[in-house]
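An overview of the molecular structure
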Amino acid sequence: MSNLYIDTRGKAGEPVSFTTAVVNGLAEGGGLYVPQSIPQLSLDQICALAKLPYAQRAASIYKAFEVDLDDETVDDLMAQAYGRNFDDEEICPIASLGNGMHVLELWHGPTSAFKDMALQCLPLYFSASAQKLRDEGVIDNKFLILVATSGDTGKAALAGFADKPGVGIAVMFPDGGVSDIQRKQMVTQEGENVMVWAVRGNFDDCQTGAKAVFNDAEFNAKLAEEKQIALSSANSINWGRLLPQVVYYVSAYGKMVESGQIQAGDPIDVCVPTGNFGNILAAWYAKQMGTPIERLICASNDNRVLTDFINTGTYDISDREFVLTPSPSMDILVSSNLERQLFELTGRNAQAIDGWMRDLSADRKFRVDEETFAKIRADFASDSVNSADCLATVKRVFEEQNYLIDPHTAVAYEVAERLRGENPVLVASTAHWAKFGSSVYRALHGIAGSDPLPEDVQKLTGCELNRLIARETGVDNIPAGLADLDEKAVRFEQVIERETASIESSVEEFLASVNL
Ligand SMILES: *Cc1c(COP(=O)(O)O)cnc(C)c1O
C-alpha cells in the first residue's frame, strides 16, 4: 500500500503517487501536492529513531509516508544522500548554547546552506522516480531542470543534480546580483550535465524568464518531440523537497531527549527564518506526526508579509515594497508554501484555497476566515527583525556565546529571544556564516549596511574576507567547499539576455551539447 497525493486547489483530478508528485513538481491546475494521510509516530518511536544513523532516520520517515519505492531503494538512496557529503557525522548537529537556545545547524552539506538537506536528497528520488515511471511505460522522456536563483538554491540544486542519470540542470542567476562566493560556487560547478548562465537583469527577470519558458507550450512540445526532454523545476513547491525537511525536526527532538536537554514528552518551540514557508511547514508536519512541538515561531526580515499575516489574518502585498536585506534568501513577498499550510488548517478545503489564491493574483491580497485565523494563532507566533537589529544580533551572539551565526540565523535567533516562553527553543540555523561574509564583517565591526566597507576590505575576494574574519574572531571553521573557490577553474562565463527567446535558444544550445 502506498500513500497518495492530492492537490491544494482540487483541480488535478485523481490522486497521484509519490514518484509522480516528485516528477511533476506542480500539480495540474496550479495547486501543490500534499499527502493524503499523515503518518503518526509514538514518542517511543521518535526517541528510538535518534539511536540510528541520520540516513536510517530519514529512510524510516520516508517509509512511514509509504513512498512507492521499495525499502531497499529508500535505504540505498538515503545512504547516498546523507553520508560523507556532509562534513559532520551527525549531518545536522545541535549546538546547545546554555541559555535555553538550541541551534539546529542545517548547513553542514556541500554548499553550506540548509537547501542541501533537501537538495542532496531530492535529485536521487527524482532520478529513481523518473526511472520507475519509464520502466512502467508511464513516461518515455528525460528531464531538464531549469532553475532561477537568487543565490543559495542554484548551487545546492547544481550540486544535487550533477551527474545524475536521465536529467540535466541549467541555472540562471542575476548578473552582478549574487555575492562573490555565491557566483564562484556556481560557475565552478563540476559535472557533465550542468549549465550556468548569468542573466542581464535582476532575480525577478530570471524568475519571470524561467516561468515564461515553462509556459511556452510550443517550445515545450518542440523539446518533447525533437529531444524527448520535459522541463521540470526543483524549487520548494516540490513535495520531494519538503519531506526531507520533516525528517530533521523529528530527528532533532529525539536527539534533544537523548542528550538530556529535555525529558521525553516535554514540549519545545521551534523558530525558523522564513522565506517561502517550506522549512517552517516541515516543522508543522513533524508536529502533526506526533513530535511534541508546541509553538512554531515564524521569523521574518524587513519583508514582513508573513509576520503581518500571522498577526492579522490578512496577506497583503498590494502596497508593499520589496526590501533588500542582509538575509537575501528571505527576501520574498509571495510565499508559495503558505498555500499548503492553509490547505491543512482549513481541514483541506480546496475551494477556499482556490478563492484566496485568485484574490491574491487579482487584488494582491486575501483575508482568511475567523476560524482559520484562530487555527493559525493556535500554532504560530511571528515577529520581524530589521536589518540593523539583524547585524547587531550577529555581534551580540558572538560576544555573549562565542558562537558565530549568519544573518538568516540571526533573524530567527532574535525573534526567538523576543517571543520565547517557558519552552526550550530550537532555532533553525540555515546558512554557514562564511556564505555571507561581508554582512558578518559589517556586523562584527558595527558598519551599517548603507556605509561602504573600508577600502582594503573592499579589495578582498569573498574567500580572503572569510579568512580575515576567521583570524579576527578565532572561529576557524570555514567549510572546505567555500575555502578553495579562488583556486577553482571557472567553467561558465556566458551572460545571456533575459528575453524568453534568448533563454530558449540557450537551452537548445545546451541540450545539443550534452548526452543525458
Ligand atoms: C531558503 C532559505 C531560507 C528560507 O527558507 P524557506 O523554506 O523558503 O522559508 C532561509 N535561510 C536561508 C539561508 C535560505 O537559503
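Data block above holds the structure.
Residues numbered from 1 in each chain as written. Predicted model: local features only at pLDDT ≥ 70, side-chain atom pairs only at ≥ 80, totals over all residues. Heavy atoms only, no water.

1. Concerning the overall build of the chain
- Secondary structure assignment for the chain yields 23 helices and 15 strands.
- Here the C-alpha radius of gyration of the chain, 22 Å, is about what a compact globule of 516 residues would show, namely 24 Å.
- Considered along the principal axes of its C-alpha atoms, the chain spans approximately 60 × 55 × 50 Å.
- Residues classed as buried in the chain amount to 59% of the 516 residues present.
- Here the chain displays about 20200 Å² of accessible surface, and carbon together with sulfur accounts for 46% of that area. (Helix = DSSP H or I, 4+ residues; strand = E, 2+ residues; numbered from the N terminus. Rg over C-alpha atoms; globule rule 2.2 N^0.38 Å. Buried < 20%, exposed > 50% of the residue type's maximum accessible area, 1.4 Å probe, protein only. Areas by Shrake-Rupley, 256 points an atom, 1.4 Å probe, with all protein chains shown as cover.)

2. Structural notes on the layout of surface pockets
- Reported here for the second largest pocket is a volume of approximately 220 Å³.
- Pro110, Lys155, Gln189, Glu190 and Lys488 are, among the 13 residues lining the second largest pocket, the residues nearest its centre.
- Listing elements by their share of the lining of the second largest pocket, those giving two or more residues are helix H7 (152-161) and helix H22 (480-483). (1 Å grid on protein atoms, 1.4 Å probe; cavity = no way out; pocket = protein on both sides within 12 Å on 5 of 7 lines; lining within 4 Å. Points joined across faces, edges and corners; volume = space filled by probe spheres on them.)

3. Some points on helix H14 (residues 338-345)
- For H14, the tally of buried residues reaches eight of eight residues, placing the bulk of the element in the interior.
- Looking only at H14, the buried set comprises Leu338, Glu339, Arg340, Gln341, Leu342, Phe343, Glu344 and Leu345.
- Looking one or two residues past H14, Gly347 carries a phi angle of roughly 70°, positive in sign.

4. Considering the side chain of Asn279
- As for its position among the elements, Asn279 is in helix H12 (residues 278-288).
- Here Tyr248 takes part through its side chain, which lies 2.7 Å from a polar atom of the side chain of Asn279.
- If we ignore the near neighbours within four places in the chain, the residues touching Asn279 are Leu106, Phe114, Gln245, Tyr248, Tyr249, Val272, Ala428 and Thr430. (Polar contact = N/O pair within 3.5 Å; in protein donor to acceptor, adjacent residues only side chain to side chain. Contact = heavy atoms within 4.5 Å.)

5. A short note on the environment of Glu105
- With respect to the helices and strands, Glu105 occurs in strand E4 (residues 101-105).
- Taking relative accessible area as the criterion, Glu105 reaches 10% and is therefore assigned buried.
- Considering only alpha carbons, one finds Glu105 and Glu90, 15 residues apart in sequence, at a separation of 10.0 Å.
- Excluding residues within four positions of it along the chain, Glu105 makes contact with Ile91, Cys92, Pro93, Ala95, Tyr403 and Ser429.
- A polar side-chain atom of Glu105 sits 2.5 Å from a polar atom in the side chain of Tyr403.

6. Here's the deal with the packing of H12 against H14
- At a minimum axis distance of 9 Å, the contact between H12 and H14 shows a crossing angle of 30°. The orientation of H12 with respect to H14, classified from their angle, is roughly parallel. As H12 runs across H14, the sense of the crossing is left-handed. Seen from H12, the contacting residues are Leu281, Trp284 and Tyr285; seen from H14, they are Arg340, Gln341, Glu344 and Leu345.
- Residue composition of the contact of H12 with H14, grouped by class: four nonpolar, one polar and two charged. (Axes fitted to C-alpha atoms, helices over the stretch in contact; angles between N-to-C directions. Parallel < 35°, antiparallel > 145°, perpendicular 65-115°, else oblique. Left-handed = near helix turned anticlockwise from the far one by under 90°. Nonpolar A, V, L, I, M, F, W, Y, C, P; charged D, E, K, R; others polar.)

7. Here we look at the sheet that holds strand E8 (residues 229-232)
- Spatially, five strands are ordered E8-E5-E6-E7-E15 in an open sheet, and the strand pairing comes out parallel. Taken across any chain shown, the strands that pair with only one partner, and hence form the sheet edges, are E8 and strand E15 (495-497). Neighbour-to-neighbour, the strand axes of the sheet open up by a mean angle of 30°, direction not taken into account.
- Here H7 sits on the sheet and contacts strand E5 (142-148), strand E6 (167-174) and strand E7 (194-200); the angle it forms with E6, its principal contact strand, is near 165°.
- Packing against the sheet, helix H9 (residues 203-215) makes contact with E5, E6, E7 and E8, and its axis sits at approximately 155° to E5. (Pairing = 2+ DSSP bridges.)

8. Quick notes on the pairing of E5
- E5 sits mainly inside the fold: five of its seven residues count as buried.
- Pairing of E5 with E8 involves four bridges; the strand directions are parallel. Along E8, the bridge assignment pairs Leu144 with Leu231.
- The sheet contact formed by E5 and E6 spans six bridges and is parallel. Bridge pairing in E6 links Leu146 to Ala170.

9. Some points on the packing of aromatic side chains
- Tallied over the full model, the rule gives 18 aromatic pairs.
- A ring pair is formed by Tyr5 and Trp239, whose centres lie 5.7 Å apart and whose planes are at 50°; its orientation type is tilted. With Tyr5 in strand E1 (residues 5-7) and Trp239 in helix H11 (residues 239-258), the pair connects residues that are 234 residues apart, well separated along the chain. For the pair shown, Tyr5 and Trp239 are each scored as buried.
- Residues Phe18 and Tyr125 carry aromatic rings whose centres are separated by 6.1 Å and whose planes lie at 85° to one another, so their mutual orientation is edge-to-face. A residue pair is termed long-range when its members are at least 10 positions apart, and Phe18 in helix H1 (residues 18-24) and Tyr125 in helix H6 (residues 122-135) qualify at 107 residues.
- A relative accessible area of 0% means that Phe18 is categorised as buried.
- Three or more aromatic residues link up through ring pairs in this structure, and these residues are Tyr5, Phe18, Tyr62, Phe65, Tyr125, Trp239, Trp284 and Tyr285.
- A cation sits over an aromatic face here: Arg367 above Phe373, 5.9 Å from the ring centre. (Phe/Tyr/Trp six-rings, centres within 6.5 Å; stacked < 30°, edge-to-face > 60°. Lys NZ or Arg CZ within 6 Å of the ring centre and 35° of its normal.)

10. Re empty space enclosed by the protein
- Scanning all chains against the criterion turns up three cavities of 30 Å³ or more.
- What the largest cavity holds in volume is close to 50 Å³.
- Tallied by class, residues from the lining of the largest cavity come to six nonpolar, five polar and no charged.

11. A short note on the site of the ligand
- Taken together, the neighbourhood of the ligand is formed by 15 residues, with Lys115, Asp152, Gly275, Asn276 and Thr430 sitting nearest.
- One of the side-chain nitrogen or oxygen atoms of Lys115 is found 2.6 Å away from an oxygen atom of the ligand.
- Burial of the ligand by the protein amounts to 96% of the accessible area it has alone, namely 390 Å².
- Classifying every residue of the shell around the ligand by side-chain character gives five nonpolar, eight polar and two charged. (Near = heavy atom within 4 Å.)

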